[in-house]
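Each chain is listed here by its residues.
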Amino acid sequence: MSKHPHVQQEIKRELRNNEIISTTDLALDLPDKLIYVDYVMKEVLRMAPIIDCTIRTLLKDDEFNGVKVRKDKNHNPYTLGIFGSGHRACAGQDLARLELKTIVTQLMQYVTFVDRGEEKNSDGKLQGLMTAPKHIGVYIRFD
Ligand code: HEM
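From a predicted model like this one, the values you see are computed outputs, not experimental measurements.

**Regarding the coordination of the iron atom of the ligand**
Just one protein ligand coordinates the iron atom of the ligand, and it is C90 (SG) at 2.2 Å. Mapped onto the elements, C90 comes out in the loop between strand 2 (67–69) and helix 4 (93–110).

Written out as structure tokens, the structure is:
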């Protein structure tokens, strides 16, 4: 978000439009109202998935909804959704989305993230089970 200040401004505008100006305004129906925050979360998770692998293994070549999947080769990396899919998809995805939305909403009420430039955000990512940036540098400006 620090790299895209206009996105933060748009989130803040959405919060204002929904009259969310303090943490006590957070209500259970909030997630359904914040459409733009939803777009941002989906795009962030798509561009920088927290988990970018799968532990599922095919036992044989197969086909799902017209998409061919092969046991050993030719996997298209873009077929992997951020929370998986089908009946073994992430069981906690609704909770995770609610948590993320609440965190983004709370932070955006008080601060703006400011990018510290290429050098402080260099060297790509750390790859374990989870994926995270190797270095991350942002200033936090209190609004
Ligand atoms: C942003 C946060 C999260 C991400 C990116 C994430 C991602 C994933 C992924 C990719 C899978 C594998 C799905 C598949 O094989 O198709 C998974 C499975 C699972 N996740 Fe999450 N997850 C998140 C948060 C959570 C939370 C908060 C919970 C529980 C409260 C949770 C519970 C589970 C469970 C139980 C499974 C196994 C489902 C099964 O095999 O039937 N996850 N998650």
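Moving on, there is more to tell.
**Re empty space enclosed by the protein**
Counted according to the given criterion, the structure contains one cavity of 30 Å³ or more. Lining the largest cavity we find D38, M41, K42, L45, I82, F83 and R97. The leading source of residues in the lining of the largest cavity is helix 3 (residues 35–47), at four residues. When the residues that make up the lining of the largest cavity are grouped by side-chain class, the tally is four nonpolar, no polar and three charged.

**A look at the pattern of salt bridges**
A full pass over the atoms with the stated rule returns seven salt bridges. Between K101 and D38 there is a salt bridge, with its nearest N and O atoms 3.3 Å apart. Of this pair, K101 sits in helix 4 while D38 sits in helix 3, and the two are 63 residues apart along the sequence. According to the relative accessible area criterion, K101 is buried, its value standing at 5%. Overlapping salt bridges, with partners in common, bring together D38, K42 and K101 in one network.

Conventions used here
- Residues numbered from 1 in each chain as written.
- Predicted model: local features only at pLDDT ≥ 70, side-chain atom pairs only at ≥ 80, totals over all residues.
- Heavy atoms only, no water.
- Donors = N, O, S within 2.8 Å, 3.2 Å for Na, K, Ca; no water.
- Helix = DSSP H or I, 4+ residues; strand = E, 2+ residues; numbered from the N terminus.
- 1 Å grid on protein atoms, 1.4 Å probe; cavity = no way out; pocket = protein on both sides within 12 Å on 5 of 7 lines; lining within 4 Å.
- Points joined across faces, edges and corners; volume = space filled by probe spheres on them.
- Nonpolar A, V, L, I, M, F, W, Y, C, P; charged D, E, K, R; others polar.
- Salt bridge = Lys/Arg side-chain N within 4 Å of Asp/Glu carboxyl O.
- Buried < 20%, exposed > 50% of the residue type's maximum accessible area, 1.4 Å probe, protein only.

Fair warning: the whole summary comes from geometry, so function is off the table for now.
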